Structure formats: structure tokens, C-alpha cells
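# Fold and contact review
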Amino acid sequence: LDNYIGLLQNPLFWKSLGNTLYFVIVGVPLSVAMSLGAALLLHSRLGKLKPFFRTAFFAPVVTTVVAVAVIWRYLFHTKYGLVNWLLSFVGIDPIDWLGDPTWAMPTIILFAVWKNFGYNMIIFLAGLQAIPEDLYEAARIDGASGWRQFRHVTLPMLGPVLLLVGILTMAGYFQMFAEPYVMTQGGPLQSTVSVLYLMYEEGFKWWNLGNASAVAFLLFVIMTSITS
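Residues numbered from 1 in each chain as written. Predicted model: local features only at pLDDT ≥ 70, side-chain atom pairs only at ≥ 80, totals over all residues. Heavy atoms only, no water.

### As for the nonpolar core
As a reminder of what qualifies: Among buried residues, the Ala, Val, Leu, Ile, Met, Phe, Trp, Tyr and Cys ones that are joined through side-chain atoms within 4.5 Å form a nonpolar core. Remark: exposure states derive from per-residue accessible area (1.4 Å probe, protein chains only) relative to the maximum for the residue type, with buried under 20%, exposed over 50%, and partly exposed in between. The contact criterion used throughout is that any non-hydrogen atoms of two residues lie within 4.5 Å.
With 53 residues, the main nonpolar core has Phe 23, Phe 124, Leu 158, Tyr 173 and Met 183 as its most contacted residues. Apart from the residues lying within four places of it in its own chain, the contact partners of Tyr 173 are Thr 20, Phe 23, Val 24, Gly 27, Val 28, Ser 31, Ala 112, Val 113 and Asn 116.

### Description of the pattern of salt bridges
We apply this condition: The working definition used for a salt bridge is a side-chain nitrogen of Lys or Arg within 4 Å of a carboxyl oxygen of Asp or Glu.
Inspection of every chain in the model, using the stated rule, returns two salt bridges. Among the ionic pairs, Glu 133 bridges to Arg 140, the shortest N-O distance being 3.4 Å. For Glu 133, a relative accessible area of 45% gives the class partly exposed. Notably, a salt bridge pairs Lys 205 with Glu 201, separated by 3.7 Å at the nearest N-O pair.

### Details of the packing of aromatic side chains
Note the threshold: To pair, rings of Phe, Tyr and Trp, with the six-membered ring standing in for Trp, must have centres within 6.5 Å; the planes then decide the type, stacked if under 30 degrees apart, edge-to-face if over 60, and tilted in the middle. Per the convention used, a helix needs a DSSP run of H or I reaching at least four residues, while a strand needs a run of E reaching at least two, with both numbered from the N terminus.
Taken as a whole, this structure holds 23 aromatic pairs when the rule is applied. With 5.8 Å between their ring centres and 35 degrees between their planes, Trp 147 and Phe 150 make a pair best called tilted. Of the two residues, Trp 147 and Phe 150 both sit in helix H8 (residues 146-157), three residues apart, roughly one turn of that helix. Among the residues examined, Phe 150 registers a relative accessible area of 19% and is labelled buried.

### Concerning the side chain of Thr 107
Convention followed: Whenever two N or O atoms come within 3.5 Å, that pair is a polar contact, provided that in protein one can donate a hydrogen and the other can accept it, and provided that, for residues adjacent in sequence, both atoms are side-chain atoms.
Here Thr 107 lies in helix H6 (residues 101-129). At a separation of 2.7 Å, a polar atom in the side chain of Thr 107 contacts the main-chain carbonyl oxygen of Trp 103. In this structure, Thr 107 is in contact with Trp 72, Phe 76, Trp 97 and Leu 98, ignoring residues within four places of it in sequence.

### Observations regarding a nonpolar patch on the surface
Definition in use: Here, patches come from residues exposed beyond 30% relative accessible area and free of salt bridges, joined within 9 Å for like charges and within 5 Å for nonpolar side chains (Val, Leu, Ile, Met, Phe, Trp, Tyr). Only the protein chains shown count as cover for residues, with accessible areas throughout obtained via the Shrake-Rupley method and a probe of 1.4 Å.
There is a patch of nonpolar side chains on the surface, built from Leu 1, Tyr 4, Ile 5, Phe 217, Phe 220 and Val 221 and spanning about 620 Å² of accessible area. Where the nonpolar patch is concerned, the elements lending two or more residues are helix H1 (2-8) and helix H12 (209-227). No other element matches the three residues that H12 contributes to the nonpolar patch. As for its position among the elements, Phe 217 is in helix H12.

Structure below.
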């Protein structure tokens, strides 16, 4: 009990919990929307290019996190990063993406969304292929536009799939660890410390195994409460 009392009185725990919630609240909708958009693109008539796009979209999922993170660190480097170089053409000064507490978490969110959206894309693609074409044909006969077909046919039929993808993505994003560990080491100013990263530091860096166990159990309770 002392471990839990001490943990709840630790400002770093609440900081890490806030960072994790920020990551989940912003990252999960972005990931689901990007996955659905990619699945809709692949489900459309791309012809011979469909296998290429399917492989390109899924490639980040099977790529090593460390290797991809190193590339992203170069892309968002303050002095010679590609992103700041492109922004300079529109008159925007260089941004310290991974060294500024304001921009570090959004950068990690973009990295996580790009890295993981391909997995959900495959699930959405399977759901789209299971929708009967007769429903779209009937909607077109009734004069429904493409947006109305998406709103009144695609989304309702994908309801169970959306629920599954939402729960899986939320559970995965609550376990944010590899992204801040590789890219920022929890910095700057602890703005990217997640609950799981805090558990790692408490258990394997400072050898406070009791505190680490308390963090793990509280994370389990939070994830179970939200996803159930």
C-alpha cells in the first residue's frame, strides 16, 4: 500500500499519466482516420497499383522501430532536417521538434500514427470487402452521392470493425514506450514521459521494483476501465 500511496503523491506519475492521455486522445482518432482513409483508397479501383500501395502502407508496421526512429530524428532535426528545410520555403523559422516541450509530443504522435496505421488498415480493408455491393448499388439508384454512401452505408456496416480497431488502438497507445525511449528519452522537461516509460525507469533504472509494480497495476486498471 505504501507503494501506491507514494506513487499517487508523485508529481511525475501524474505528469506521465497526462502525457499518456494526451497521446491516446490525439493519436487514436488520427490513427483510426488514417487507417480508414488508406483502406478506402485501397478498396477503390487502383488497378495494377493496388499491390504497390498495399505494400507501401503496410511496410512501416514490419519495420524495426529503432531504424525508423533514427530516420525520423534526421527528418525533424533542427538544423539539417528535411521538414525544417521545406518549411523554410514558406518563411517559417526552424522548429526544434524533439527539443521543444510544445512540439515533442505531437512529433512522436505523428511518428506513432505513421508507424502503426497499416495494421488497422488491413482490418478495415477486410471489413470493406465484406460489405455487399448491392447496398451501394441501391444507394446509387436512389441518387446518393459518394459522401452519403460513405455516411449511410459504409460507416454503419463498419460499426463492429470500428469498435474493434478503436479498442485495439487505444490499448496499444496506452502502452507507449518505444517511441519516447528511442526518440527523446522522456524529454524535454519530461514532456514525453509515458506511464510505461515511468515503469521502466522505476524498475530497471532505479530498481524501485515495488513502485514499478504499482505503476504497472494502475496502468492495467486504467486500460481495463476505459476499454471495457
